[in-house]
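# Remarks on the overall topology
Below, each chain spelled out in residue letters.
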Amino acid sequence: MVTALAFIFVLGILVFIHELGHFLVAKRIGIRVEKFSLGFPPNIVSKKVGETTYCIGIIPLGGFVKMAGESPEEEATGANDEFMSKTVGQRAAVIIAGPFMNYLLAIVLMIGIFYFGGKPIFDPERVLVGEVVKDGPAAGAGLVEGDEIIAIDDKPVNNFDSMRVLVNAKVAEPVQITWLRNSDTLSKSIVTKIDPQPNMQGGVDSVGIIGVSQKIVRYESYGLATSVSEGFATAHVIVWETLKFIKKLVSGDVSPNMIGGPVFIAQQSGKEAKKGASSLFFFMALLSVNLAVLNVLPIPVLDGGHLVFLGIEAIKGSPLSMKARGLAQQIGMVVLLGLIVIVTYNDIKRFLTGM
């Protein structure tokens, strides 16, 4: 139930914000919006207010804004409130508004995370146990939150990363854990649990885990000015990392198996929701940036493809022919369907393997 609700919440907000961008700019420059749909038909709710019909579809995997005269198949009447009656710059503004709103949402979310949640501070010199996974190896050994792990296989550890490296190297093998609880020193041999993790080549790396997280000592609160600065900076880091990933994907340095779809988003939304609001909102910011960047790629069926059409129109002084647009749309649809097949396969594989 948590996973389903988190998925609907996350995707619903992202799609709504995206389509709201198209809608607001279209209305602002005088384009008649015939339909605003959150989700795809069949519709659960449909109500006409003024010139626009507002819908909520039963399939929560997207949405759309239908503007008068937007489709090339429609016969343009030349009315001033039609999409094609507006200048190239105005139409480009309508198209770019969707991705821009997703980018803006990511910034707002990051500012909120820093301002209301603060920055988690960990002890840099001790391995303090935070959450202990129920039924995990550490729980079976008797570790509890607040314990301090001081050695792995008699090798001293003084930070969480050094402890994790030693544990990850032991895959389904016994490992000796030594920890402090108050003034007592405890030690026990436990067998690590196998944790499959996808790698950048599309394969799976198996590492050992004991089922503990690092304890957060405190949260360091930020003022509004610092939160705004950190929010902008972090959002831009996410944009840059997304672009780098896409570049590696196109060049073949990263396997397409790394791409996730709706099932992955649903599973991860549930996991992040269980961790708390900050984790869920950070994941939402990450997805919002991904949605913004992917939508401006020059694929004909996406916003970026429409921007390419408008760029060509601005250069040649007239829209592309129906034949050229139709061919480009078909190519774009093939590319998009190919991506859908890949992410669906990846989602199924992750679901079956438990990754």
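In case you missed it, the structure is sitting above this.
Quantities reported herein were computed from a predicted structural model and do not represent experimental measurements. Counting of residues starts from 1 at the beginning of each chain's written sequence and follows it residue by residue. Side-chain atom pairs in this predicted model are given and counted only at pLDDT of 80 or more, local residue features only at pLDDT of at least 70, and totals for whole chains, interfaces and linings cover all residues. Side-chain numbers here rest on the full set of heavy atoms in the structure, without hydrogens or water.

## As for the pattern of salt bridges
Which entries qualify depends on this criterion: The working definition used for a salt bridge is a side-chain nitrogen of Lys or Arg within 4 Å of a carboxyl oxygen of Asp or Glu. Burial classes: relative accessible area under 20% of the type maximum marks a residue as buried, over 50% as exposed, and values in between as partly exposed (1.4 Å probe, protein chains only). Helix and strand definitions here come from DSSP, where helices need a minimum of 4 consecutive H or I residues and strands a minimum of 2 consecutive E residues; each element is numbered from the N-terminal end.
Counting across every chain of the model gives 12 salt bridges. The shortest N-O distance in the salt bridge between Arg126 and Asp123 comes to 2.9 Å. For Arg126, a relative accessible area of 37% gives the class partly exposed. Across the pair Lys244 and Glu241 runs a salt bridge whose closest N-O atoms are separated by 3.4 Å. In this pair, Lys244 and Glu241 both sit in helix 5 (residues 224-251), three residues apart, roughly one turn of the helix.

## Let's talk about a nonpolar patch on the surface
Short version of the rule: What goes into a patch is any residue over 30% in relative accessible area without a salt bridge, connected to like charges within 9 Å or, for nonpolar side chains (Val, Leu, Ile, Met, Phe, Trp, Tyr), within 5 Å. Exposure was quantified through the Shrake-Rupley algorithm and a 1.4 Å probe, taking into account, for residues, occlusion by the shown protein chains and nothing else.
Taken together, the side chains of Phe40, Ile44, Val45, Ile56, Ile58, Ile59 and Leu61 define a hydrophobic patch exposed on the protein surface, amounting to about 600 Å² of accessible area. You can see Ile58 is positioned in strand 2 (residues 52-67). On the basis of relative accessibility, which here comes to 51%, the residue Ile58 falls in the exposed class.

## Comments concerning the pairing of strand 5 (residues 148-152)
To keep it simple, the criterion reads: Here, any two strands with at least 2 DSSP bridges between them count as paired.
For strand 5, a buried count of four out of five residues is recorded, marking the element as mostly surrounded by other parts of the structure. Pairing analysis gives two bridges linking strand 4 (residues 127-132) to strand 5, with the strands arranged antiparallel. Its bridge partner lying in strand 5, Leu128 is registered against Glu148. As judged from the four bridges shared by strand 5 and strand 7 (residues 174-181), these two strands associate in the antiparallel manner. Within strand 7, the position partnered with Ile149 by the bridge is Trp179. Bridge count between strand 5 and strand 6 (residues 155-156): two bridges; the pairing is antiparallel. Among the inter-strand pairings, Ala151 is bridged to a residue of strand 6, identified as Pro156. Between strand 5 and the antiparallel strand that follows it, strand 6, lie two residues; Asp153 among them carries a positive phi value of about 55°.

## Observations concerning the packing of helix 1 (residues 2-28) against helix 2 (residues 88-117)
Angle between the axes and distance between the axes: these two values describe a pair of packed helices. Heads up, the condition is: Working convention: axes come from line fits to C-alpha atoms, limited for helices to the stretch in contact. Angles between N-to-C directions cover 0 to 180 degrees. For classification, angles of less than 35 degrees are called roughly parallel, those exceeding 145 degrees roughly antiparallel, those between 65 and 115 degrees roughly perpendicular, and all remaining angles oblique. Here is the rule for handedness: rotate from the far helix to the near one, and if that takes an anticlockwise turn smaller than a right angle the crossing is left-handed, while a clockwise turn gives right-handed. Two residues qualify as a contact provided that any one of their heavy atoms is within 4.5 Å of a heavy atom in the partner residue. In this classification, Asp, Glu, Lys and Arg are treated as charged, Ala, Val, Leu, Ile, Met, Phe, Trp, Tyr, Cys and Pro as nonpolar, and every other residue, Gly included, as polar.
With their axes 7 Å apart at the nearest point, helix 1 and helix 2 run at an angle of 140° to one another. Here helix 2 runs oblique to helix 1, going by the angle between their axes. Helix 1 and helix 2 meet at a crossing whose hand is right-handed. Residues Ile13, Leu14, Ile17, His18, Leu20, Gly21, His22, Val25 and Ala26 of helix 1 lie in contact with helix 2, whose contacting residues are Ala93, Val94, Ile95, Ala97, Gly98, Pro99, Met101, Asn102 and Leu105. For the contact of helix 1 with helix 2, a count of residues per class yields 13 nonpolar, five polar and no charged.

## Brief notes about the packing of aromatic side chains
As a reminder, the rule being used: To pair, rings of Phe, Tyr and Trp, with the six-membered ring standing in for Trp, must have centres within 6.5 Å; the planes then decide the type, stacked if under 30 degrees apart, edge-to-face if over 60, and tilted in the middle.
Summed over all chains, the structure comprises nine aromatic pairs. Aromatic pair Phe36 and Tyr54: ring centres 6.2 Å apart, planes at 40°, arrangement tilted. In this pair, Phe36 sits in strand 1 (residues 33-49) while Tyr54 sits in strand 2, placing the two residues 18 residues apart along the sequence. A ring pair is formed by Phe114 and Tyr222, whose centres lie 5.3 Å apart and whose planes are at 90°; its orientation type is edge-to-face. Here Phe114 is found in helix 2, whereas its partner Tyr222 is found in the loop between strand 12 (216-220) and helix 5, with 108 residues between them in sequence.

## A few points about the environment of Ile312
Here Ile312 shows up in helix 8 (residues 303-316). Relative accessible area serves as the criterion here: at 32%, Ile312 is assigned to the partly exposed category. Put simply, Ile312 and Ile58 are 254 residues apart on the chain and 37 Å apart in space, counted from C-alpha to C-alpha.

## Some points on the packing of helix 2 against helix 8
Following both chains from N to C, one finds helix 2 and helix 8 inclined at 165°, their axes separated by 10 Å at the closest point. Viewed along their axes, helix 2 and helix 8 adopt a mutual orientation that is roughly antiparallel. Our pair here, helix 2 against helix 8, has a crossing hand that is left-handed. Across the interface between the two elements, Val88, Arg91, Ala92, Ile95, Ile96 and Pro99 of helix 2 pack against Asp303, His306, Leu307, Leu310, Glu313 and Ala314 of helix 8.

## Focus on unusual backbone geometry
At the junction of Pro41 and Pro42, the peptide bond is cis and its omega measures out at 5° in the coordinates. Along the chain, Pro42 turns up in strand 1. One non-glycine residue, Asp153, adopts positive backbone phi at about 55°. For Asp153, the location among the structural elements is in the loop between strand 5 and strand 6. Accessibility expressed as a relative area gives 27% for Asp153, which makes it partly exposed. One non-glycine residue, Asn182, lies in positive phi territory at about 60°. Along the chain, Asn182 turns up in the loop between strand 7 and strand 8 (184-191). With a relative accessible area of 79%, Asn182 lands in the exposed category.

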